[in-house]
Amino acid sequence: MFFVDTVEVPGLGNRSYLAGGPTTAVVVDPPRDIDRVIAAAALRGVRISHVVETHVHNDYVSGGHELARITGAVYVVPAAAPVSYERLPVADGDTLAVGEGLVLRAVATPGHTPHHTAYVLEEGGEPVAVFTGGSLLVGTVGRPDLVEPRLTASLARAQHASAHRLAAELPDATTVLPTHGFGSMCAAARSGNGAGSPGGAGGPGGPGSTGGTGGPGGSGSPGGATTIGEQAAVNEAFAKDVDTFVADLLAGLDDIPAYYAHMGPLNSEGPAPVDLTPPAVADADEIAARLAAGEWVVDLRSRVAFAEGHVAGSYNIEAGEGPGGQLAVLLAWLIPWGRPVTLLADSPERLARAQRELVRVGIDRPAAAATGTPEEWVPEGERPASFRRAVFADLASELPHRAVLLDVRRASERASAGHVEGSRHIPLHELRSRMREIPSGVPVWVHCAGGLRASVAASLLAAAGREVVAVDDSFANAPVTGR
């Protein structure tokens, strides 16, 4: 009898897994905040015997090195992975005993990276699940362009072959458990959750959602998981011949988040332990001084609250109420790497959630932080700044005569969903470097697909002294005239 529990990392679109039997378990692709994994193991009453990586991750900082150190588990990493620490190297066909009657078998699945390895969980010699990492995802595959541009085409071909190998060697009923693909930028296509939709997520400090456990006599896997047979029927890797698959895959690749360049090297070196203790408290004068020094001050409150009042010069990246959200991806993509950041929040709880999200992408220690209200964060005698919010219906009366409409969606979104005639297009991640392209002296109305990125862009523009209006509305309500 075995179990597989899922630890969700929805802000990054990833999952980690705890799998095992009555007394021991293996962890696959753990997140940086390993206390959630340890709590999941404690809830099960199992000892972690192995910590397994499918590949050197390019989208987040792994907690594998530290989890293995703390638990005394064997750290398992593909033999060809470029790492500088001690680990148990595994190659195609190697096996690991991970519990009573349970074995992990390594299967080389290059494509997402050259050394990528999947792990088949076998019970009594029969495959019951496969941890596919960044190879076979729900409806798609992992993108092949994160390692080296000259390798991208050959890795794309390898992805196709790896997916077909898994389908050929494993029974249709084998559960497929990918690490990426639930909104992750590591997926070659922005696949929905589909058959592998999450069953829920654990709050900060706690374990993620617990999948189904084995019933009488048998096996168990996370509820809603997909299978080899289902993926063979619907996944794009099986619907196309290799040449068409590669051509379509390469044509559909989106921009790579800038911070990805730092994730692989951190994981190859062995990341430092996480420190989630509260940062130093900043008063209004220190916040002003940090802004004057060119540091980043990031307001984590809702975009509605930020528009109504904020510290002039600060940026807004809304930190969600739940464990997920886009804070980590957006901040890590936008901030110059290594720039000190001060966090502003309306509660200690929101601040703590933000710290947890940010360590997952290598933003480890805020320089300072403050909780409260904008009135407490501005120097005495000053008032918070503000800007207007609007909806797409407001464009008809105001935009044609006196403003610029700025679209900050990614190029792929604009191409697929259309655009408003006359709008200028600068993706959010390029805005800081291309701000001079926006006419000065007129209001800038800024929109995205739903309002979140528009608020981020509006805060960047307002901090640069521009008059802005944030369009906080669904693009479904936009007067689309161009495609």
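Residues numbered from 1 in each chain as written. Predicted model: local features only at pLDDT ≥ 70, side-chain atom pairs only at ≥ 80, totals over all residues. Heavy atoms only, no water.

### Here we look at helix α6 (residues 242–251)
Within an α-helix, residues lying three or four positions from one another point in the same direction, as the helix has 3.6 residues per turn. Defined as follows: For each residue, the accessible area found with a 1.4 Å probe, counting protein chains only, is set against the maximum for its type, and the residue is called buried under 20%, exposed over 50%, and partly exposed in between. Numbering goes from the N terminus for both helices and strands, where a helix is a DSSP run of H or I of at least four residues and a strand is a run of E of at least two. Arc definition: it is the arc formed by the directions from the helix axis to the C-beta atoms. Between two residues, a contact is recorded if the distance between any of their heavy atoms is within 4.5 Å.
Within the sequence span of α6, burial applies to F245, V246 and L249. Projected down its long axis, α6 shows its buried positions confined to an angular sector of 95 degrees, all on one face. Lining the buried residues of α6 we find α3 (152–169) and α5 (236–239).

### Points about the sheet that holds strand β16 (residues 368–371)
Put simply, the rule is: If DSSP finds at least two bridges between two strands, the strands pair. Note on method: axes are straight lines fitted to C-alpha atoms, helices fitted across the in-contact stretch only, with angles between N-to-C directions ranging 0 to 180 degrees.
An order of β14-β13-β15-β16 is seen for the 4 strands of this open sheet, with the pairing classed as parallel. This sheet does not close on itself; its edge strands, each paired only once, are β14 (315–316) and β16. Pairing of strand β13 (residues 296–299) with β14, which is carried by 2 bridges, proceeds in the parallel orientation. Along β14, the bridge assignment pairs V298 with Y315. Helix-sheet contacts for helix α8 (residues 284–292) involve β13, β15 (341–345) and β16, and the interaxial angle to β16 is about 135 degrees. Sheet strands in contact with helix α11 (residues 348–359) are β15 and β16, and its direction is about 145 degrees off that of β15.

### Description of the pattern of salt bridges
Formally: Only one rule defines a salt bridge in this text: a Lys or Arg side-chain nitrogen within 4 Å of an Asp or Glu carboxyl oxygen.
Taken as a whole and judged by the stated rule, the model has 29 salt bridges. Among the salt bridges present, the one from R290 reaches E286, with a minimum N-O distance of 2.9 Å. In this pair, R290 and E286 are both assigned in helix α8, 4 residues apart and thus about one turn of the helix distant. We classify E286 as partly exposed; its relative accessible area is 26%. The salt bridge partner of D346 is R350, with a shortest N-O separation of 2.8 Å. Looking at D346, the relative accessible area reads 40%, which means it is partly exposed. In the salt-bridge network here, residues are joined through shared partners; they are D33, D35, R356 and R360.

### Looking at the sheet that holds strand β11 (residues 175–178)
Spatial ordering of the open sheet is given by β7-β8-β9-β10-β11-β12, a layout of 6 strands whose pairing is mixed. Each end of this open sheet is capped by a strand with a single partner; those strands are β7 (95–99) and β12 (226–227). The pairing of strand β8 (residues 102–108) with strand β9 (residues 117–123) spans 7 bridges and is classified as antiparallel. Across the sheet, residue A106 finds its bridge partner in β9, namely Y119.

### Things to note about the side chain of R350
So the rule is basically this: In the analysis that follows, any N or O atom pair within 3.5 Å is treated as a polar contact, provided that within protein one partner can donate a hydrogen and the other can accept it, and provided that, for residues neighboring in sequence, both atoms belong to side chains.
Mapping R350 onto the fold places it in helix α11. Looking at R350, its side chain comes within polar contact range of the side chain of D346, at 2.8 Å.

### Points about the packing of α3 against α6
Worth spelling out the cut-off: Here the angle decides the label: under 35 degrees means roughly parallel, over 145 means roughly antiparallel, 65 to 115 means roughly perpendicular, and every other value means oblique. Should the near helix be turned anticlockwise from the far one by less than a right angle, the crossing is termed left-handed; should it be turned clockwise, right-handed. Only Asp, Glu, Lys and Arg are considered charged, only Ala, Val, Leu, Ile, Met, Phe, Trp, Tyr, Cys and Pro nonpolar, and every remaining residue, Gly among them, polar.
Viewed as axis vectors pointing N to C, α3 and α6 meet at an angle of 125 degrees, and their least axial separation amounts to 9 Å. With respect to their mutual orientation, α3 and α6 come out oblique. With respect to the hand of their crossing, α3 and α6 are arranged in right-handed fashion. Where α3 approaches α6, its residues T152, A153, A156, R157, Q159 and H160 are matched on the opposing element by V242, D243, F245, V246, L249 and L250. Partitioning the contact of α3 with α6 into residue classes produces 7 nonpolar, 3 polar and 2 charged.

### Examining the packing of aromatic side chains
Definition in use: When two rings of Phe, Tyr or Trp (its six-membered ring) have centres within 6.5 Å they constitute a pair, described as stacked for plane angles under 30 degrees, edge-to-face for angles over 60, and tilted for the intermediate range. A positively charged side chain is recorded as over a ring if its NZ (Lys) or CZ (Arg) lies within 6 Å of the ring centre. The angle to the ring normal must also be within 35 degrees.
For the structure on display, the rule yields 6 aromatic pairs. For the pair Y17 and F131, a centre-to-centre distance of 5.5 Å together with 55 degrees between the ring planes defines the contact as tilted. Within this pair, whereas Y17 is found in strand β2 (residues 14–20), its partner F131 is found in strand β10 (residues 126–133), the two being separated by 114 residues in sequence. Seen from their ring centres, W296 and Y315 are 4.5 Å apart, and the 65 degrees between their planes marks the pair as edge-to-face. Residue W296 is located in strand β13, and its partner Y315 is located in strand β14; the two are separated by 19 residues in the primary sequence. For W296, a relative accessible area of 3% gives the class buried. Across from the ring centre of F3, 4.1 Å away, lies the NZ or CZ of R44, which sits over that ring. Looking at R409, its charged tip hangs above the ring of F475, at a distance of 3.9 Å from the centre.

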